[in-house]
Amino acid sequence: MQGLASRREGRFTPSLVPLLLVGLPLAYASCTFPSSWTGQWYQNSKESNVTISGSTLGDRTCIDKRNDMYIVYDNAEKCYRCLVINDRHENVIQFREVGMCKTEGDSFDALCYVVRSDEILYSMFRLDSKPIACPFNGPPFTFSYNRGDSKECLNPVSHAESCTDESKLLLKYQACPDVEGTESNTEELQCLATWKDGRMKYLVGTLKVFGRGALGYEKSYRCFVYDVKHHEGRITYQLADSGDPTCNGLNSVSEGSRALKFTKVPADVAVDREHSRCKYPSWVTQHHDWHSLDGSRSYHFTSGNATLKVTLQDNTGDVPYEEKIVCHNLENDNVQGHRVKLVAHFTSGCDSGYVCMIFHRRDGHVIELQQSNQKAIMPDEACTLSDPSLMPYTTLITSTLHQRKCPQPGRYSILDFEQSRVLSTMSRRHRRGVKMTRPVERTAWQEESDEEDCRNTDIQIGCSTPGQNEMIIANTCEREEVAYSCHGSWEEKGTWYTIVSQRSTELTVGLGQTFCFSMRMADAMEKLSARGTRLQQREQELWLTRPARTCQRETADQWTYRLASQGVCEDLTKAASSAASSSSLSRVSLVLSAGAALLCILLSR
């Protein structure tokens, strides 16, 4: 009670210090720091992180507070201090220490006298803070820079480019031969906080220098002052860098450890206008969402039909990175055709540039995409750096697929079975112990076939359904089969490519359940006798690939299966009907013959 009375009088006496420290949880429980400050913070020159929780700020304990003023007991120096604390942003706290650290208790007003502007400003930055969008509108920029009192580096020009993450900006510095201390390097700025103090705008972020490994907090946290100006179509940002993890010494945008000037020139504005005019083909954007056959890559076209966002998903479900691809200009104007070539601006992380893209229309729910791997600095170079014939194909489908007629319908048997073994997910030893009572749907083809009588494997394309939209690969010995539904086919240089999925009653096909078959008709070689004389040429063969996650293009080992035709579906149906009719007539004739013989026997009696 004596401590509380002394506090009401506005005075702390030395004899009460031990009592105050012991009684803090009870007597000063109301003196706590805002809960929004709770967490781990970095402060320059501190050997360890600063923890804020309840009444504790590092090694200091809150005794009393009024507005932004706090009387704290410094447990390290064993004295009282007055702190003026301002939370500039959820990720930044700044404070000044007022007056001397006094070992004797004193009144609040005596400890927290008028704060002088020359008091040292301390800054604390929240660890594991949530980044914010950088306050620079519409990168990329060109920029010039100087280091302190050095001459401005203007030529060659440096570039600031956007990243997929709006909280990041890529700074590509160029070295100026006539300016001492300049060098070529690349820095990644991640923005963490902004605020305004009077007429000054502040930015806090972290800098990562590429190629130099991880930097400690002392070298990564930076404070900037910045300003933006608009003049005759030019947008200019001026920044000054503190050079250390404090916000001290920043008096203007032209004074700092390093000063930068970002410029959005009219040419860049024209590029933006070019972006706004360029749209992806309507037959692509009529479905805003597409995905690759294995489901690992998702493609989303935004509502404006000018921006494509690509995400890659791994087995854990995380999204390691995202690609942003903005349509820049069309190379051909036939946007309603089946092939559209265009230039787009590509951004992945902080990697950016212009790429060449070719879209191929295969079916209402199937498209293919070719994209150059090399990125160009200028848009008019994008489609000159890569040969379209060497650009890989990516097959994309929608979540909802419709059944289509399969190409080359008919019934086939596999030739050269030793070279055309079918893949299997179930070991033969296990399958021998299972009694097959009905056809089993398989997820892959059989690889091993060590039983001679099980080599009679046949393939039916379009024979099992009226719409001819199903492909069945059957093992006639063990009555096993795997059925695929066809969802779209196209012909290219004599090769048919077909998108299939495992047979399902649902229209929506799960991710990773789709495959691509490639097939083509080929004339069989003429068979020669032992004497070298020419024999009759065999029938035309159908070459077929295994079901794959990509539509293979003319690879050396592409053709895995050689198939011999056993007849088209209609001929087989007619033959079966004819055989059934002949069998019925034979049975009728047999019955009539037996009846006539019996009648003769009866009459002879």
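Anything mentioned here points back to the structure above.
In this text the structure is predicted, and so the values were computed from the model without any measurement.

> Honestly, the overall build of the protein in this entry has me stumped. Any pointers?
Counting secondary structure elements, the protein contains eight helices and 32 strands. Out of the 605 residues in the protein, the part that is buried amounts to 43%. Within the protein, contacts between residues at least 6 apart in sequence are counted, and of these 51% link residues at least 24 apart. Summed over its atoms, the accessible surface of the protein is roughly 32000 Å², and 50% of this surface lies on carbon and sulfur atoms.

> It is not clear to me how the sheet that holds strand β19 (residues 307–312) should be interpreted in this structure. Could you clarify?
The strands that make up a sheet are held in pairs by hydrogen bonds between backbone atoms, and each pair lies either parallel or antiparallel. In space, the eight strands of this closed barrel follow the order β17-β18-β19-β20-β21-β22-β23-β24, with antiparallel pairing throughout. On average, each strand axis in the sheet is tilted by 30 degrees relative to the strand beside it, whichever way the strands run. In this sheet, strand β21 (residues 339–348) lies alongside strand β20 (residues 321–330) in antiparallel orientation, the contact comprising seven bridges. Note that in β21 the partner of Asn-329 across the bridge is Val-343.

> I would appreciate a short explanation of the side chain of Ser-485 in the present structure.
The residue Ser-485 is located in strand β28 (residues 480–492) in this model. Once residues within four sequence positions are removed from consideration, Ser-485 is found in contact with Gln-403, Asn-469, Ile-499, Val-500, Ser-501 and Arg-503.

> Is there a simple way to explain the sheet that holds strand β13 (residues 200–209) in this structure?
The antiparallel closed barrel is built from eight strands, whose spatial order is β9-β10-β11-β12-β13-β14-β15-β16. Geometrically, the sheet is characterised by an average inter-axis angle of 35 degrees between neighbouring strands, direction not taken into account. One ladder, built from four bridges, connects strand β9 (residues 141–146) with strand β10 (residues 153–162); its direction is antiparallel. Bridged to Thr-142 within β10 is His-159.

> Teacher, can you tell me more about the packing of aromatic side chains here?
To describe a pair of aromatic rings, one takes the distance between the centres and the angle between the planes. Per the stated rule, a full pass over the model turns up 22 aromatic pairs. When the centroid spacing of 6.1 Å and the interplanar angle of 25 degrees are considered together, the rings of Phe-33 and Trp-37 count as stacked. Phe-33 sits in the buried class, given a relative accessible area of 4%. Looking at Trp-37, the relative accessible area reads 4%, which means it is buried. Residues Phe-141 and Tyr-237 carry aromatic rings whose centres are separated by 5.6 Å and whose planes lie at 70 degrees to one another, so their mutual orientation is edge-to-face. Here Phe-141, found in strand β9, pairs with Tyr-237, found in strand β15 (residues 234–241); they are 96 residues apart in sequence, far enough to count as distant. Looking at Arg-553, its charged tip hangs above the ring of Tyr-497, at a distance of 4.6 Å from the centre.

> Please clarify how the nonpolar core should be interpreted in this entry.
The tendency in soluble globular proteins is for nonpolar side chains to be buried side by side. Counting residues in hydrophobic clusters, the biggest one holds 23 residues, and the most contacted among them are Phe-136, Phe-143, Leu-171, Leu-189 and Phe-262. Sorting the residues of this core by element identifies β9, β10, β11 (168–173), β12 (185–197), β13, β14 (221–231), β15 and β16 (258–264) as the ones contributing at least two each. When sequence neighbours within four positions are dropped, the list of residues in contact with Leu-189 reads Phe-136, Ser-167, Lys-168, Leu-169, Leu-171, Leu-203, Gly-205, Thr-206, Leu-207 and Phe-224. Counting residues in each nonpolar core, the second largest holds 21 residues, with Tyr-280, Trp-290, Tyr-299 and Leu-369 among its members.

> Before we go on, may I ask you to explain the pairing of strand β6 (residues 79–89) in this structure?
Residues in a regular strand point their side chains to alternate faces of the sheet. Across the eleven residues of β6, eight count as buried, placing the element largely inside the fold. Pairing geometry for strand β5 (residues 69–74) and β6, over six bridges, is antiparallel. Paired with Tyr-73 across the two strands is Tyr-80, which belongs to β6. Counting the residues that bridge the hairpin from β5 to β6 gives four residues, and of these Lys-78 lies at a positive phi of roughly 60 degrees.

> Can you walk me through the pairing of strand β26 (residues 457–461) in this structure?
With respect to burial, β26 is a largely interior element, four of its five residues being buried. When strand β25 (residues 410–415) meets β26, the two strands line up antiparallel, connected through four bridges. Looking at the pairing, Tyr-412 lines up with Ile-459 of β26.

> Any chance you could explain the pattern of salt bridges here in plain terms?
Once the charged atoms of two side chains with opposite charge are near each other, the side chains can pair. Across all of its chains, the model carries 22 salt bridges by this definition. Among the charged side chains, a salt-bridge network with shared partners connects Arg-60, Asp-74, Glu-77, Arg-81 and Glu-97.

> Sorry if this is basic, but what is going on with unusual backbone geometry here?
The omega torsion across Pro-139 and Pro-140 is 20 degrees, close enough to zero to call that bond cis. Locating Pro-140 in the fold gives a position in the loop between β8 (121–126) and β9. Within the chain, Ser-45 stands out as a residue other than glycine whose phi angle is a positive 80 degrees. Following the sequence through the fold, Ser-45 ends up in the loop between β1 (39–43) and β2 (50–53). Even without glycine at this site, Asn-67 takes up a positive phi of about 55 degrees. Relative to the helices and strands, Asn-67 is located in the loop between β4 (60–66) and β5.

> I keep staring at the state of the cysteines and nothing clicks. Help me out?
Covalent bonding between the sulfur atoms of two cysteines is what defines a disulfide. One pass over the full model with this rule turns up twelve disulfides. Linked covalently through their sulfurs, Cys-31 and Cys-62 form a disulfide whose S-S length is 1.8 Å. Taking the torsion about the S-S bond as the criterion, the Cys-31 to Cys-62 disulfide, at about -45 degrees, is left-handed. Of this pair, Cys-31 sits in the loop between α2 (17–27) and β1 while Cys-62 sits in strand β4, and the two are 31 residues apart along the sequence. Just as Cys-31 is buried, Cys-62 falls in that class too. Disulfide partner of Cys-153: Cys-176, at an S-S distance of 1.9 Å. Taking the torsion about the S-S bond as the criterion, the Cys-153 to Cys-176 disulfide, at about 85 degrees, is right-handed.

> Quick question: what am I supposed to make of the environment of Met-519 here?
Within the secondary structure, Met-519 is located in strand β30 (residues 514–522). Residue Met-519 is classed as buried on the basis of its relative accessible area, which comes to 0%. Met-519 sits 25 residues away from Gly-494 along the chain, and the two C-alpha atoms are 8.9 Å apart. Ignoring any residue separated from it by four or fewer positions in sequence, one finds Met-519 in contact with Pro-407, Gln-408, Ile-461, Met-471, Gly-494, Thr-495, Trp-496, Leu-542, Trp-543, Leu-544 and Trp-559.

About the thresholds
Residues numbered from 1 in each chain as written. Predicted model: local features only at pLDDT ≥ 70, side-chain atom pairs only at ≥ 80, totals over all residues. Heavy atoms only, no water. Helix = DSSP H or I, 4+ residues; strand = E, 2+ residues; numbered from the N terminus. Buried < 20%, exposed > 50% of the residue type's maximum accessible area, 1.4 Å probe, protein only. Contact = heavy atoms within 4.5 Å. Areas by Shrake-Rupley, 256 points an atom, 1.4 Å probe, with all protein chains shown as cover. Pairing = 2+ DSSP bridges. Axes fitted to C-alpha atoms, helices over the stretch in contact; angles between N-to-C directions. Phe/Tyr/Trp six-rings, centres within 6.5 Å; stacked < 30°, edge-to-face > 60°. Lys NZ or Arg CZ within 6 Å of the ring centre and 35° of its normal. Core = buried A, V, L, I, M, F, W, Y, C linked by side-chain atoms within 4.5 Å. Salt bridge = Lys/Arg side-chain N within 4 Å of Asp/Glu carboxyl O. Disulfide = S-S within 2.5 Å.

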